[in-house]
Amino acid sequence: MNRDDPTHQRRQQALSALMDGEGAEADLACRAWREDAGVRADWHAYHLIGELMRSDDVRCAPQHDARFLGRLRERLAAEPVVLTPVSPIASSAPLARQSTSRRTWVAPIAVAAGFVAVAGVLVVTRVAAPDGTTTDRSALAAGQATASSAAVPAAMQSAEGRPIRNAELDRYLAAHKQYSSTSVLAVPGGMVRNAVAAAPGR
Amino acid sequence: MQPIAVMSSLGRYLMAVALTVASALCPLFAQAGAAAVPASAAASGTDVRSWLQRIHNAASQRNYQGTLVVTVDGSVSSSRLAHYCEGKQYFERIERLDGRPQRVYRHNEQVLTLWPAAKVARIEQRDAVALFPAVLSGSEEQLFERYNMLAEGGDRVAGLEAVVFLLRPRDVHRFAQRLWADRDSGLLLRADVLSPDGRVLETAAFSEVTIGVKSQPESVLAPMKKLDGYRVLRSAPQRTGLEAEGWRLNSPVAGFKQISCVKRSLEAAGDGERAPSTEVLQTIFSDGLTHVSVFIEPLRAERHRAGAAAFGATHTLMQPLGPHWVTVMGDVPMATLKQFAAALERLR
């Protein structure tokens, strides 16, 4: 595929917007993701770039992600589709027609499921990378991704409805928490709170 | 009935605990009752106030070690902590027990953080104000202007008998805190930060602790000298002033006083190959109990996204101000952070 192709560029933009939590062109991005292996590679690369930019350390090798995704796709493909709704039209239609109708249903659902799962997984690896302590936050973030447009935990939602990336915030948090002991209370382990809440994981 | 009225906020099980030790706590109950009667009542008597002093002194002057468990938004992490004091020298060792290994050693204002897995060490010269709260004279008065301190009876934490206090804010600009202090030493055993509707936003508590251990400064100093094989990053905040940097708050935020202003690099020096290190101006405001940081830096459109976030009690507000980027962070309600952001003004 020609990289300068306007369609390709538009797909990339849609993908990038989706990563930032903007759903305006989510349909386009999802379709591109489904149809084009190059776009799937871009999606992964974008996250890797984002992770490198935002966090101080990338803990797991990219091959790990790729292997995981590969296995996930294989498993999804092998998964028996028991929950596929069979429309009344399809069921009353001849057998051959029924099977095509099922296929057309299955593909998008499987892909969508894979997509959501992948989005969740990538968020986890990304956010959890700086240090172990953020795992729960990453769980939250994963929850957001999995829930897509649905209930995003209010606490993690930005004023504009966009989730905040925690690795970026952790730098500020670490600097902020250094002053925890200015409290009259000088909580023992004020520094522990610092260490726990905001350890920049270099 | 007054003591009971006060206790009701603690929940039934605590009330039961409190009642069983009621005889031992008569003076405290009287205290709590007195404090709860008229809203204007001069808050807490000298008895309760003296506890604050005890808590304050115990944290820095006692020798203790134990396991501290911090719970924030359902995420639990624990650390092994040792604190020694010899005269005016402080030694501290903190080892994180969950996730990625991390050890922190502190000798006075020098702080060494080690990430053994990555073989990275960071040496920081902490802002002295952050380490010697004693220099904040008058902050206790400041605290009582903004919080009521109520005695709430007794409890047990980490196997020790504890006295419970509630620091209840007198306005909506800050969060309440509930404190559990060791009856004998005054050491703070547990602290909860509470939302206005009484939910626990954050808890830090010892699961076990030994108070009065033998001071072992060498156990802190020795690792601080052994950095073979580590990539060492250094950073030191540079003291400055908000006005000297061309900024001010055009209206003060109730109860908060500026206690420090530093220029610092948010990424440790030498890490330039990953992300350009950002120099920010950090101004710290304290109300005696909690603090708010205001970070100012040049706006970088590709990196900065306006918004707000909350993690446990820590709220964050991020927004542009002309060609600058402002991040306000603190263990206070979002509305308080908005006041800070709105009051910030460029002088030149």
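Per chain, residues are indexed from 1 in the order of the written sequence. Whichever chain is written first is A, and whichever ligand is written first is 1; the rest continue in order. Given that the model is predicted, a residue must reach a pLDDT of at least 70 before its local features are reported, and side-chain atom pairs must reach 80 or more before they are shown or counted; all residues, however, enter totals for whole chains, interfaces and linings. Side-chain metrics rest on all non-hydrogen atoms present in the structure, leaving aside hydrogens and water.

Caption draft 1: Up close: the packing of aromatic side chains. Note on ring pairs: Phe, Tyr and Trp rings are taken, using the six-membered ring of Trp, and paired if centres are within 6.5 Å. Classes follow the plane angle, with under 30 degrees stacked, over 60 edge-to-face and the rest tilted. Under the criterion given, the structure shown has five aromatic pairs over all chains. Summarising the aromatic geometry, the rings of Tyr172(A) and Phe295(B) are spaced 5.1 Å apart at their centres and angled 80° between planes, so their arrangement reads as edge-to-face. In this pair, Tyr172(A) sits in helix H8 (residues 166–177) while Phe295(B) sits in strand E17 (residues 291–298), so the two residues belong to two different chains. Overall, Phe295(B) belongs to the buried group, its relative accessible area being 0%. With 5.6 Å between their ring centres and 45° between their planes, Trp51(B) and Phe165(B) make a pair best called tilted. With Trp51(B) in helix H4 (residues 46–61) and Phe165(B) in strand E8 (residues 160–169), the pair connects residues that are 114 residues apart, well separated along the chain. Of the two residues, Trp51(B) and Phe165(B), both sit in the buried class. Each member of the aromatic cluster is reached from another via a ring pair, and the members are Phe256(B), Phe285(B) and Phe340(B). Our definition puts a charge over a ring when NZ of Lys or CZ of Arg is within 6 Å of the ring centre and also within 35 degrees of the ring normal. Positioned above the aromatic ring of Phe144(B), the side-chain terminus of Arg49(B) is 4.0 Å from the ring centre. Helical segments are the DSSP runs of H or I of at least four residues, strand segments are the runs of E of at least two, and each set is numbered from the N terminus. Using a 1.4 Å probe on the protein chains alone, a residue whose accessible area is under 20% of its type maximum counts as buried, one over 50% counts as exposed, and one in between counts as partly exposed.

Caption draft 2: How the structure looks around the sheet that holds strand E6 (residues 120–125) of chain B. Residue and element names in this part refer to chain B. Any two strands between which DSSP finds at least two bridges are classified as paired. If you walk across this open sheet you meet the 12 strands as E7-E8-E9-E10-E11-E1-E2-E3-E4-E5-E6-E12, and the pairing is mixed. Two strands bound the open sheet, and with one partner strand each, they are strand E7 (147–157) and strand E12 (231–235). Each neighbouring strand pair of the sheet contributes to a mean axis angle of 15°, computed without reference to strand direction. Where E8 meets strand E9 (residues 176–182), six bridges bridge the pair, whose relative direction is antiparallel. Pairing of Leu167 across the sheet is with Gln177, part of E9. Axis lines are fitted to C-alpha atoms, over the contacting stretch for helices. Their N-to-C directions set the angle, which ranges from 0 to 180 degrees.

Caption draft 3: Broad picture of the nonpolar core. Residue and element names in this part refer to chain B. In this text, buried Ala, Val, Leu, Ile, Met, Phe, Trp, Tyr and Cys residues form a nonpolar core when linked through side-chain atoms within 4.5 Å. By size, the foremost hydrophobic cluster in this structure holds 22 residues, and its most contacted members are Val294, Val328 and Phe340. Sorting the residues of this core by element identifies strand E14 (247–249), strand E16 (279–286), E17, strand E20 (324–330) and helix H8 (334–343) as the ones contributing at least two each. Of all the elements, H8 adds the most residues to this core, at five residues. In terms of nonpolar packing, the next biggest core, distinct from the first, is built from 20 residues, Tyr64, Val104, Trp180 and Phe206 among them.

Caption draft 4: Spatial organisation of the side chain of Thr290(B). Within the fold, Thr290(B) resides in the loop between E16 and E17. In this description, contact between two residues means that some pair of their heavy atoms is separated by no more than 4.5 Å. Not counting chain neighbours up to four residues away, the residues in contact with Thr290(B) comprise Tyr147(B), Phe256(B), Phe285(B), Asp331(B) and Val332(B).

Caption draft 5: Layout of the pairing of strand E19 (residues 314–321) of chain B. Residue and element names in this part refer to chain B. Relative to E19, strand E18 (residues 307–311) runs antiparallel, the two being bridged by five bridges. The residue bridging Gly307 from the neighbouring strand is Met318, located in E19. Taking the residues that link successive antiparallel strands as the turn, the E18-E19 hairpin has two residues, and the phi of Gly312 there is positive, at about 60°. In terms of strand pairing, E19 meets E20 through seven bridges, oriented antiparallel. Looking across to E20, one finds that His315 is bridged to Gly330.

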